[in-house]
Number of protein chains: 2
Amino acid sequence: MDIKEYPKPAVTVDIIIFTVINNNLKVLLIKRGLEPFKGKWALPGGFVRIDESLENAAKRELVEETGVKDVYLEQLYTFGEPKRDPRMRVITISYFALINSKNIELKPQTDAYDVNWFDAYETPDLAFDHKKILEYALQRLKWKLEYTTVGFKLLPKRFTLGQIQNLYEIIFNRRFDKRNFRKKVLSLGLIEKTSEKTKNVAHRPAALYSFKKKMGEIIEII
Amino acid sequence: MDIKEYPKPAVTVDIIIFTVINNNLKVLLIKRGLEPFKGKWALPGGFVRIDESLENAAKRELVEETGVKDVYLEQLYTFGEPKRDPRMRVITISYFALINSKNIELKPQTDAYDVNWFDAYETPDLAFDHKKILEYALQRLKWKLEYTTVGFKLLPKRFTLGQIQNLYEIIFNRRFDKRNFRKKVLSLGLIEKTSEKTKNVAHRPAALYSFKKKMGEIIEII
DNA sequence: TCAAAAGTGTTGTGTGTACACCCATGT
DNA sequence: ACATGGGTGTACACACAACACTTTTGA
């Protein structure tokens, strides 16, 4: 039997883009302008072009929506239930991205459709099976933060130890002991104190830290 | 633009089926009977039917090749480089399966093409990018054994502590301390000693262990 | 002066690792 | 008798968790 005889599913990529804004974990969603699920919020994504790699498709979507390039991006999972899209068989390869909010140039104003950041744990109803995909991504995010240091990608270039701890507390939804947390983070040897401190804060200023060079490889230990 | 205008990639599943035979980690390969890569060994797999889920496609392939149903099966990764198949754009969702060799009814004899178990670390050249996929699977396998207990799926119903240790030593390619290993395994509380012992062995007989009931949930802790 | 986050050490508990000898059986 | 894997306990190092008070700033 010739392979061309098989009817082919459509193939898309969807991206779960996380960032931290105002000490809250946010995810980027797009309001659909077309049926099906017109008017519902959905993960950004689109069809994979016939001659581009899956990762490039994801990067392309990412750039289109946020304007950022240098982000942490990894394949998450492939969802392919036959009825997940009412129109036709669609298989989607999901990617998840971590970006720090300073790098973002959202372009919601310039476009007809709405693009917005939502609290990752309190999104509206999502189109397709995107709720399930988001939950899967949140699970992976927790896992990644527990066993790797990729979470640091969510931070700006200069940050305080308090900001890291906040980040972890948001994502794990629990408190950590300040002394133990700082000890642990510093013992990793990935960051170093700069000579600067926070300014205009209504409390004791905090030392600003930055990543040591060559974080790239170390970050991907798993 | 209508979605039907996009040329669609073909979608397949490939399965990395691991088992342990004679204290060696084995992977199931099939010799290709058609071009491209005719005569080369490859991972079992095939096209996803338009109305079946990805996991069902993987299960179908698994049953077709090995006759087994009750196995550990999980999605591994999706490979989609544009040129990975010389004929056309093919995206493959890989799955990896752990089965214990007692359950297998290989059907290589009845088929025209060859099916065989190979040492997972010493396979011949593989078709397509299957070498890369296999290496990815081996990496995941190590990881799974380190952080979960799914590796026990590779064992028969009754087994000795030495067999578990062998399994781990094969996969990690290093030796473990016998006392520490046994302590660790027993402390998990997942297995219990049966009243039986091994027979006809040229050394002191070993106690046979079996899984406690309700292993199902515990096994999937991550 | 008050609120709010920054900053700082010690102690106990549990987990992983290193290590050596006798036992039961088949040949 | 000997070869082979089965079976067992202790001691040290290290990572993690619990815990409270002083400091510096803006309002």
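Numbers given to residues run from 1 along each chain, matching the order in which its sequence is written. Whichever chain is written first becomes A and whichever ligand is written first becomes 1, with later ones labelled in order. Only residues with pLDDT of at least 70 get local features here, since the model is predicted, and only at 80 or more are side-chain atom pairs given and counted; chain-wide, interface and lining totals rely on the full set of residues. To get the side-chain values, all heavy atoms of the structure are used, and hydrogens and water are removed first.

Secondary structure assignment for chain A yields five helices and nine strands. Tracing chain A from N to C terminus, the helices and strands come up as β-β-β-β-α-β-β-β-α-α-α-β-β-α. In this analysis, two residues are considered to be in contact whenever any of their non-hydrogen atoms come within 4.5 Å of each other. Considering only contacts within chain A whose residues lie at least 6 apart along the sequence, 65% involve residues at least 24 apart. As displayed, chain A has an accessible area near 11800 Å², and 48% of this comes from carbon and sulfur atoms. In this description a helix means any DSSP run of H or I spanning at least four residues, a strand means any run of E spanning at least two, and both kinds are numbered starting from the N terminus. Areas reported as accessible are Shrake-Rupley estimates using a 1.4 Å probe. Residue values count occlusion only from the protein chains shown.

The next thing to look at is the protein's contact with DNA strand D. Nearness here has a simple test: a residue counts as near a molecule or strand if at least one of its heavy atoms is within 4 Å of that partner. Taken together, 22 residues surround DNA strand D, and among them R204 of chain A together with K178, H203, R204 and A207 of chain B come closest. A share of 36% of the atoms of DNA strand D within 4 Å of the protein falls on sugar and phosphate groups. In this structure, a base oxygen belonging to DNA strand D sits 3.2 Å away from a main-chain N or O atom of H203 of chain A. In protein, a polar contact means a hydrogen-donor-capable atom and an acceptor-capable atom, both N or O and within 3.5 Å, with residues adjacent in sequence counting only if both atoms are side-chain atoms; elsewhere, any N or O pair within 3.5 Å suffices. Between K178 of chain B and DNA strand D, the recorded distance is 2.8 Å, taken from a side-chain N or O atom to a base nitrogen. Of all elements in the fold, only α4 (178-187) of chain A together with α4 (178-187) of chain B reach the threshold of two or more residues within the surface near DNA strand D. Looking at the surface near DNA strand D, the element that brings in the most residues is α4 of chain B, giving five residues. When residues are grouped by polarity, Ala, Val, Leu, Ile, Met, Phe, Trp, Tyr, Cys and Pro land in nonpolar, Asp, Glu, Lys and Arg in charged, and all others, Gly among them, in polar. In terms of residue class, the surface near DNA strand D is made up of seven nonpolar, five polar and 10 charged.

With that out of the way, let us pick up unusual backbone geometry. Most peptide bonds take the trans form, and the phi angle of most residues other than glycine is negative. That bond from E35 of chain A to P36 of chain A is cis: its omega, -5 degrees, falls within 30 degrees of zero. Mapped onto the fold, P36 of chain A is located in the loop between β2 (24-31) and β3 (41-42).

Structural alignment of chain B on chain A gives an RMSD of 0.1 Å, achieved by rotating through 180 degrees and translating 0.0 Å along the axis. Classification of the inter-copy transformation places it as that of a two-fold axis. When the interface residues of chain B are mapped onto chain A, 100% of them again lie at the interface, so the same face is used by both copies. We place the copies in one frame by least squares, fitting the C-alpha atoms of every residue whose pLDDT is at least 70 in both.

With 30 residues of chain B at the contact, the number on the chain A side is 30 residues. A 1.4 Å probe defines the accessible area here, and the buried area is the portion of it lost by two parts on being joined, summed over both. Here chain B and chain A share an interface that buries about 2900 Å² over both sides, 68% of which is from carbon and sulfur atoms. Salt bridges, as used here, are contacts in which a Lys or Arg side-chain nitrogen is within 4 Å of a carboxyl oxygen on Asp or Glu. The tally of links from chain B across to chain A stands at zero salt bridges. Taken together, chain B and chain A are joined by eight residue pairs in polar contact (both at pLDDT 80 or more). At the level of elements, β1 (10-21), β5 (72-79), β6 (90-98) and α2 (130-147) of chain B are the ones that each hand at least two residues to the side of chain B that touches chain A. A per-element tally of the side of chain B that touches chain A places β5 of chain B first, with four residues. Split into classes, the residues belonging to the side of chain B that touches chain A amount to 19 nonpolar, four polar and seven charged.

The next thing to look at is the protein's contact with DNA strand C. The local shell around DNA strand C holds 20 residues, among which K178, H203 and A207 of chain A together with V201 and R204 of chain B are the closest. Contacts to DNA strand C include K183 of chain A, whose side-chain N or O atom sits 3.0 Å from a base oxygen. Separating a base nitrogen of DNA strand C from a side-chain N or O atom of R179 of chain B is a distance of 3.2 Å. Residue assignment for the surface near DNA strand C shows that the elements contributing at least two residues are α4 of chain A together with α4 of chain B. Here the element with the most residues in the surface near DNA strand C is α4 of chain A; it accounts for four residues. Of the residues in the surface near DNA strand C, the class split is seven nonpolar, four polar and nine charged.

Quick look at the domain arrangement of chain A now. Residues and elements named next belong to chain A. A domain assignment, automatic or from a database, supplies the domain bounds used here. Segmenting chain A into domains produces domain 1 (3-147) and domain 2 (150-211). One C-alpha centre belongs to domain 1, the other to domain 2, and the line joining them spans 28 Å. In this complex, domain 1 contributes 17 residues to the contact, which on the side of domain 2 involves 12 residues. Our enumeration of links across domain 1 and domain 2 arrives at zero salt bridges. Summed over the shared surface of domain 1 and domain 2, the number is three residue pairs in polar contact (both at pLDDT 80 or more). When contributions to the side of domain 1 that touches domain 2 are tallied by element, the ones reaching two or more residues are β1 (10-21), β2 and α2 (130-147). Residue contributions to the side of domain 1 that touches domain 2 peak at five residues, all from α2. Taken together, the residues that form the side of domain 1 that touches domain 2 break down as nine nonpolar, four polar and four charged.

This part covers the side chain of D129 of chain B. All names here are of chain B. Within the secondary structure, D129 is located in the loop between β7 (115-119) and α2. Buried, partly exposed and exposed residues are distinguished by accessible area as a fraction of the type maximum, computed with a 1.4 Å probe on protein chains only: under 20%, between the cut-offs, and over 50%, respectively. Under the relative-accessibility criterion, D129 is labelled buried at 14%. When neighbours within four sequence positions are excluded, D129 is seen to be in contact with F79 and R84.

Residues and elements named next belong to chain A. When the pLDDT values of chain A are averaged, the result is 89; 89% of them are 70 or greater. On a range of 0 to 100, pLDDT expresses the predictor's confidence in each residue. Confidence drops under a pLDDT of 50 for residues 108-112, and excluding neighbours within four residues, the segment shows two contacts in the predicted structure. For the stretch residues 215-222, pLDDT sits under 50, and the model shows 15 contacts to residues farther than four places along the chain or on other chains.

This brings us to the pairing of strand β2 (residues 24-31) of chain B. Residue and element names in this part refer to chain B. Within β2, six of the eight residues are buried, leaving the element largely enclosed by the surrounding structure. As judged from the four bridges shared by β1 and β2, these two strands associate in the antiparallel manner. Within the sheet, the bridge partner assigned to T19 lies in β2 and is K26. Pairing between strands is defined by DSSP: at least two bridges between them are needed. The hairpin formed by β1 and β2 contains two residues between the paired strands, and N22 there has a positive phi angle of roughly 50 degrees. Of the pairings in the sheet, the one linking β2 to β7 comprises five bridges and is antiparallel in character. When the bridges of β7 are listed, L28 appears paired with W117. Relative to strand β3 (residues 41-42), β2 is paired through two bridges, and the arrangement is antiparallel.

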